[in-house]
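# Summary of the model geometry
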Amino acid sequence: MPSTTSAPPVDGPAQSPPESSSNLGPFKRRHRVDSDPDPHGAAAATAHNTASVIANSSSSSSSSAALPDPKRARSSIFTSPYQAQFHTQTQTMSAKVQGKRPETIDLTRSSSSSPHPHPSTAHGSNTVTMTTSRGAGSGGRRAPGLQPHMGPRKLVIKNFRSPTSARTADVDRYYERARAELDAALAAIFAGRPTSQPMEHLYRDVEDICRKGDAAPLADALRVRCEAYLSGEDVLGGLQKEKGGDDVALLRAVLAHWKTWSDKMLVVRWAYSYLDRSFLLGGGGGKTTLGINDMGITLFRKAVFGSRNQGLDAPLGLRVIAAVCSLVDYDRTGDDRFEAALLKEAVTMLRLFGVYGKSFETRFLIDSHTYFSTFAEERSVSYGLKDYIIACERLLQREGHRCEAYNFDSTTKRLLLADAHHVLVEQYSSKLLDSTSVARLLGANDVGSVKALYDLLKLSAIQKRLKGPWEEYIRATGSVIVSDVNRGDEMVIRLLELRRSLDIMIRDAFGKDDVFTYGLREAFGFFINDKKSSVAWNQGTSKVGEMIAKYIDMLLRGGLKTLPKTLLSDTKDRADAEMSGVASTGDEDAELDRQLDNGLELFRFIEGKDVFEAFYKKDLARRLLMGRSASRDAERNMLSKLKSECGSSFTHNLEQMFRDQELAKDEMKSYKDWLAGTGRAAGGSVDLSVSILSAAAWPTYPEVRVLLPRKVLEQISVFDGYYKNKHTGRRLTWKHNLAHCVVRAQFDRGPKELLVSAFQAVVLVLFNEVEGPGTAIDGVLSYEQIAQATGLPGPELERTLQSLACGKVRVLAKHPRGRDVKHTDTFTVNRTFTDPKYRVKINQIQLRETKEENKETHERVAADRQFETQAAIVRIMKSRKVMTHAQLVAEVINQTKSRGAVDAGDIKTNIEKLIEKDYLERENGSYTYLA
């Protein structure tokens, strides 16, 4: 039987068969009816799955088959391109070849009909033919009906078409229905209802319309529908009509509509994805055509903020911008109306719409500038420097955190903080750099506040302007310390504590900025060499040099235990020392070395180093002769530091002192050998050791008269004769006040060895003469008897007796008891004396240096400085021959500044003296060398 199913028109959409009559099972993609680009070409026809389909044209002997779209999935009911091509070629084959092909038999004719087509065929009626093997029937006769037992057969459906007018009507109805379905779907999506058609059906409708060539009208229709929805009263149209009210509530409503609109546009993109990909994004609509996503954003932005051509200044958009700025103000002032999530979403929406930079950022920066100005003005009046720094630091932290937490643009953050730095720091730099306020922070060692101040100034690149208040504070504080006459002994300790605190400030607050390190050195050099301090001490030489020498003497005698804990190294200092390759400062020797370096840091600032040399030489001699050095290695280390700092000429005499000590040991060894060689006793109960010193290298000491015991005098006479015979022309001057002894004593609780000075030993030996058998005095000596027997002057004798009878170690008993020694006191041996140590050291009461002695030392330094000035003048004139007064004065200052600062007036005085001695001659304002 021929097929009675009507094929869809060529130019129209195919009508899907009812679901009840479909035997294809699950949903299959329907065949496109408008895929044939030729409206007059052959149409596809449906047949049973076992039949092949061939399209044939009635207007041409050879017709071309319509091929399906290669990009579309091919169903099993579609025409095979190979079969269509094969049938087309068959019609053009030769007769010989056609004789071998199956015969085509028209099953719609009667046996007596003519070979011409049925009239119904010309009118588009269905024509069904059956192809059989050529041998199946006799030539010229119509083959019998379909006979399956005869072999393969082919069923051919030809010219299966509808009339042209009917076909066009079907196509129009299909597209109208597709557009209606899409309109209904948009209405359902915008209303929030599910669509009546499945999403894939809507996608096919969009695809068919686009393939037909109506993509542009479809896109225009979609845009119109979107605009209509957004302008509705329930969406943005109602918000646009609102006047007044809370801007934040308006912003909240706009954000809610934006979220809803985003969700709806996502569904629209699903349905219209073919239009989006093939036409809008694919370039079919031109370069200015926007995709569905961008179109949705643009339409919403236009509805809220207006078009770009109008400046994006719609009233609704301005209120939205104002609401975002209000949220920022709420956050700055701590208002409870602040909503963090709302601000973050609003900023994200503004950046998405592209109105962030042009509309919001400008308004935000203007409002922020006003806020910063008000903030700085209020805080600068009511807050001190420390509180103002803390407030500014917290403000900048909050502003930076807000920009990062709420998706502000990085450019906005940079512009905002730059404006904040300008307003808070640069415009109020006079308050931040106020010398009094900065000095208060530095004086309190407020490292945190100073660091915050430095960081604030660094943000505006004006941190170097802090150097002025920094140096001013150091000069003022240092001058007070140096000029404090009542606390002169604490001068160096206080200076080192000041230096220590400033070093910590540079390390922790200024980040080791070299600018402040140089400023510290300049300030220290200024107040240490300021002549006002010399005036306060009534001296013409540096008092600081003297006190530094005494500080180093204290350090080398007592070690680290004499220092306050504030001067010792902390963990950061130890880490820096280890990183720099220096031994860890946790070691005692390394820490002592570091403290010596700190003392030398002050020594470097001194211009008159001759004062330091005089007092250091004096103290070094005492340490070497009395054996009071805490460490011999530390003494050598200090000497090498001075040599590297000032040169070998500065330390020549100091090195000679160490050499004299070594030579003295060799001399005594030679003396002992001489005694053994001559057969003389080694001194019996007296073991003599002599230190021979060079008078030029060692300081001068006053003569102190004392009557030595007879046995000691005998040993001294023997050594004196030995030395003079060995070294002809030399003379020995004995300094008994610098000698020390070891005295063996017998007490009731056992023997002891007492380490005492020569004067103490002379006094103790006297009691041997009054406590022996047959004595009438019974071991008691009066003050007058001791003075007469020793020949010591009153002050020396009082100090000696006080150290033996009133000190911590009392080997003598004074009657009556008391701390002071009087001329009426009597003394006896304290036989009950006991001490856990066998060798006991009895320290002599230290005699503080008198003002006269100190003044004498300074005067001697000043006199030596004048001689050095004259020597410099002679050296300069000897090499230059002729010089003007100004040139000579400048050159003398340059050559003598390392030893001590000399005034121009002193230089002129020395020039006059040299003129009187005929070394120079003055002529026409110049000096000429004569000698």
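Residues numbered from 1 in each chain as written. Predicted model: local features only at pLDDT ≥ 70, side-chain atom pairs only at ≥ 80, totals over all residues. Heavy atoms only, no water.

### Some words on helix 28 (residues 652–678)
Side chains of residues three or four places apart in an α-helix project in the same direction, reflecting 3.6 residues per turn. Spanning 27 residues, helix 28 covers 38 Å between terminal C-alpha atoms, matching the ideal 39 Å at 1.5 Å per step. Taken together, the buried residues of helix 28 touch helix 26 (609–626), helix 27 (632–646) and helix 29 (710–726). Within two residues after helix 28, Gly 679 carries a phi angle of roughly 80 degrees, on the positive side. (Helix = DSSP H or I, 4+ residues; strand = E, 2+ residues; numbered from the N terminus. Expected span 1.5 Å × (residues − 1). Contact = heavy atoms within 4.5 Å.)

### Description of the packing of helix 14 (residues 385–405) against helix 18 (residues 447–459)
In the contact formed by helix 14 and helix 18, the axes pass within 9 Å of each other and the chain directions differ by 55 degrees. For the element pair helix 14 / helix 18, the angle class is oblique. Handedness of the helix 14/helix 18 crossing: left-handed. Here Lys 386, Ile 389, Cys 392, Glu 393 and Leu 396 of helix 14 come into contact with helix 18, specifically with Ser 449, Ala 452, Leu 453, Leu 456 and Leu 459. Among the residues making up the contact of helix 14 with helix 18, the classes are represented as seven nonpolar, one polar and two charged. (Axes fitted to C-alpha atoms, helices over the stretch in contact; angles between N-to-C directions. Parallel < 35°, antiparallel > 145°, perpendicular 65-115°, else oblique. Left-handed = near helix turned anticlockwise from the far one by under 90°. Nonpolar A, V, L, I, M, F, W, Y, C, P; charged D, E, K, R; others polar.)

### Observations concerning the sheet that holds strand 8 (residues 826–829)
Ordered in space as 6-8-7, the three strands form an open sheet in which the pairing is antiparallel. Edge positions in the sheet fall to strand 6 (781–782) and strand 7 (812–815), since each of these pairs with one other strand and no more. Both strand 6 and strand 8 contribute to a ladder of two bridges, which runs antiparallel. By the bridge assignment for strand 8, Ser 782 is matched with Thr 826. (Pairing = 2+ DSSP bridges.)

### Remarks on unusual backbone geometry
Most of the time, phi is negative for any residue but glycine, and the peptide bond is trans. In this model, His 815 is joined to Pro 816 through a cis peptide bond whose omega is -5 degrees. Assignment of secondary structure puts Pro 816 in the loop between strand 7 and strand 8. Positive phi outside glycine occurs at Asn 445, with the angle close to 55 degrees. Looking at the element boundaries, Asn 445 is found in the loop between helix 17 (435–443) and helix 18. Positioned with a positive phi, Asp 918 is a non-glycine residue whose angle comes to about 65 degrees. Turning to its location among the elements, Asp 918 is positioned in the loop between helix 35 (904–916) and strand 11 (920–923). Overall, Asp 918 belongs to the exposed group, its relative accessible area being 54%. (Buried < 20%, exposed > 50% of the residue type's maximum accessible area, 1.4 Å probe, protein only.)

### Section: the confidence of the model for the chain
Put simply, the chain has an average pLDDT of 78, and 76% of its residues get 70 or more. For residues 1–101, every residue scores under 50 in pLDDT, and the model assigns this stretch 121 contacts once sequence neighbours within four places are set aside. Note that pLDDT drops below 50 for residues 107–143; the model gives that stretch 64 contacts with residues more than four away or on any other chain. (pLDDT = per-residue confidence, 0-100.)

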